[in-house]
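Spelled out, the chains give:
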Amino acid sequence: MKSIQMVDLKGQYNEIKDEVNTSIQEVLETTAFVNGPKVHEFQKNLEQYLGVKHVIPCANGTDALQIAMMGLGLQPGDEVITADFTFAATVEVIALLQLTPVLVDVNEDDFNINIEAIKKAITPKTKAIVPVHLFGQCANMEAIMELAKEHNLYVIEDNAQAIGADYTYKDGTKAKAGTIGNVGATSFFPSKNLGCYGDGGAIFTNDDDLAHTIRGIVNHGMYERYHHDVVGVNSRLDSIQAAVLNAKLPNLDTYNKKRQAAAKKYTAAFEGVENIITPKLSNGCTEICDTCDCHVFHQYTLRVNSTKRDGLVKHLNENSIPCGVYYPIPLHKQKAYADERYNEADFVVTNQLVQEVIALPMHTELDDEQIAHITSTIINYINE
């Protein structure tokens, strides 16, 4: 059996080596390293894939979130509601812009932001909601958009983990994750479902005016060279990263299908095992199917009885099986984001999840032998 990787980027590269190398070579030969033709080509290709009017590439996913908020004109002191159970970048940019983060609890089944918790958190100062499409599936966007319309709020989708996922409305229509709110943001960090070979990100919107504003912000506030019309930043996707993404984008649906296939095998192996809860789908699906992209499994995250989770992490590491705990500390308990406004009774689910979750290796190169070894190692430990 080949060595198990949490994310096998080398194996994936070997499968598309010629396409990637050719695309990068084109950049090297043109020397258009910043904002070159490859960036514009990738932008157009991603717009077509997502079915969105505007994609604005930028330097990384964290910048994408920050620039989206800047583009909406949020002001210091404005309250922004987001999930407590996520990576810090989501709340980090809120704080950096001197906005007021309002963290709320998540759902126990799909780990996404809880609608009732959002309702309780809305005040006259609330200006935006940031749903995080955690681990590869969308938050309840239909309910979130209804709330936003009722209270005149912006919706900024944090789509760093769900590129390519579909959201299905009650009437059966579908939209790609990140294209439903006022604006969406994503990351192309190498381990993402669509990852480059460094840092990269993008912002999506169907709003022409907002897209225009954001295009200026990412480039020092310039629409014309040396004319600074808005306060901006330096956040551009470089051409070599765009070249890599251009080579990988045609494979994204295949990558997601491979992740779904691996997830099905994991779930089947754990069926009936006590103290293990497998990932739940929240978009009307009862199981992982072959025709649906509601969950693209950026992570395959189990919940394990809290008395055994930490021991399982140690056991897997001792057996050369990588794993991850995403996330071990709620944001409301992080030193940087602690606030006396928060009440522990409002974070019952998050406080439970951080003791139970464990993410297993998940990537496009997982094979049956590796999955069998991972699952049997876990089951044997759990049943001890």
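Quick caveat, the model's predicted, so the values are computed rather than measured.

What follows concerns the sheet that holds strand 13 (residues 300–304). Reading across from one edge, 12-13-14 is the order of the 3 strands in this open sheet, with antiparallel pairing throughout. The sheet is open, and its two edges are formed by strand 12 (276–277) and strand 14 (357–360), each paired on a single side. For strand 13 and strand 14, the ladder comprises 4 bridges, and the chain directions are antiparallel. Of the residues in strand 14, the one forming a bridge with Thr301 is Ala359. Against the sheet, helix 11 (residues 306–318) engages strand 13 and strand 14, with an angle of about 30° to strand 14.

A word on the side chain of Ser23. Along the chain, Ser23 turns up in helix 2 (residues 17–30). Owing to a relative accessible area of 6%, Ser23 belongs among the buried residues under this scheme. Here Ser23 is in contact with Lys38, Ala243 and Asn246, once residues within four sequence places are set aside.

Mapped onto the secondary structure, Asn343 falls in the loop between helix 11 and helix 12 (348–356). Overall, the relative accessible area of 42% leaves Asn343 in the partly exposed class. Here Ala345 takes part through its backbone nitrogen, which lies 3.0 Å from a polar atom of the side chain of Asn343.

Next up on the list: the packing of aromatic side chains. Inspection of every chain in the model, using the stated rule, returns 13 aromatic pairs. Between the aromatic rings of Phe42 and Phe188, the centroid separation amounts to 5.5 Å while the plane-to-plane angle is 75°, which identifies the pairing as edge-to-face. One end of the pair, Phe42, is in helix 3 (residues 37–50); the other, Phe188, is in the loop between strand 8 (183–187) and strand 9 (201–205), and 146 residues separate them in sequence. There is no split in this pair, since Phe42 and Phe188 are both buried.

Let's shift gears to the nonpolar core. Ile81, Phe85, Val104, Ile113, Ile118 and Ile144 are the most contacted members of the largest nonpolar core, which has 38 residues in total. For this core, the secondary structure elements donating two or more residues are strand 2 (79–83), strand 3 (100–104), helix 6 (115–121), helix 7 (141–151) and helix 12. No other element matches the 5 residues that helix 7 contributes to this core. Not counting chain neighbours up to four residues away, the residues in contact with Ile113 comprise Ile81, Thr82, Ala83, Val104, Asp105, Val106, Asn107, Ile118, Val130, Pro131, Ala139 and Ile144. With 31 residues, the next largest nonpolar core counts Leu281, Cys294, Phe297 and Tyr300 among its residues.

Attention now moves to the sheet that holds strand 1 (residues 54–58). Taken in spatial order, the 7 strands make up an open sheet running 1-9-8-5-4-2-3, and their pairing is mixed. Strands with a single pairing partner mark the edges of an open sheet, and in this sheet they are strand 1 and strand 3. Adjacent strand axes in the sheet meet at a mean angle of 25° when their direction is disregarded. Across 4 bridges, the pairing between strand 8 and strand 9 is antiparallel.

Before going further, it helps to spend a moment on the side chain of Asp8. Tracing the sequence through the fold places Asp8 in the segment before helix 1 (9–15). For the buried Asp8, which has no salt bridge, the nearest side chain bearing the opposite charge is Lys2, at an N-O separation of 4.3 Å. At a separation of 2.8 Å, a polar atom in the side chain of Asp8 contacts the main-chain amide nitrogen of Gly11. Here Asp8 is in contact with Lys2, His363 and Glu365, once residues within four sequence places are set aside.

This part covers the packing of helix 4 (residues 61–71) against helix 8 (residues 208–217). Interaxial distance between helix 4 and helix 8 falls to 9 Å at its minimum, and their mutual angle equals 125°. Viewed along their axes, helix 4 and helix 8 adopt a mutual orientation that is oblique. For the crossing formed where helix 4 meets helix 8, the hand is right-handed. Judged by residue contacts, Ile67, Ala68, Met70 and Gly71 of helix 4 engage Leu210, Thr213, Ile214 and Ile217 from helix 8. Split into classes, the residues belonging to the contact of helix 4 with helix 8 amount to 6 nonpolar, 2 polar and no charged.

Quick look at helix 13 (residues 368–382) now. Compared with an ideal rise of 1.5 Å per residue, which puts 15 residues at 21 Å, helix 13 spans 21 Å between its outermost C-alpha atoms and is within 8% of the ideal. All buried positions along helix 13 are accounted for by Gln370, Ile371, Ile374, Thr375, Thr377, Ile378, Ile379, Tyr381 and Ile382. Of the surrounding secondary structure, the elements contacted by the buried residues of helix 13 are helix 10 (252–270), strand 12, strand 13, helix 11 and strand 14. Near the N-terminus of helix 13, the side chain that reaches the backbone nitrogen of Glu369, with its oxygen 3.2 Å away, is that of Asp367.

Rules used throughout
Residues numbered from 1 in each chain as written. Predicted model: local features only at pLDDT ≥ 70, side-chain atom pairs only at ≥ 80, totals over all residues. Heavy atoms only, no water. Pairing = 2+ DSSP bridges. Helix = DSSP H or I, 4+ residues; strand = E, 2+ residues; numbered from the N terminus. Contact = heavy atoms within 4.5 Å. Axes fitted to C-alpha atoms, helices over the stretch in contact; angles between N-to-C directions. Buried < 20%, exposed > 50% of the residue type's maximum accessible area, 1.4 Å probe, protein only. Polar contact = N/O pair within 3.5 Å; in protein donor to acceptor, adjacent residues only side chain to side chain. Phe/Tyr/Trp six-rings, centres within 6.5 Å; stacked < 30°, edge-to-face > 60°. Core = buried A, V, L, I, M, F, W, Y, C linked by side-chain atoms within 4.5 Å. Lys, Arg positive; Asp, Glu negative; His and termini not counted. Salt bridge = Lys/Arg side-chain N within 4 Å of Asp/Glu carboxyl O. Parallel < 35°, antiparallel > 145°, perpendicular 65-115°, else oblique. Left-handed = near helix turned anticlockwise from the far one by under 90°. Nonpolar A, V, L, I, M, F, W, Y, C, P; charged D, E, K, R; others polar. Expected span 1.5 Å × (residues − 1).

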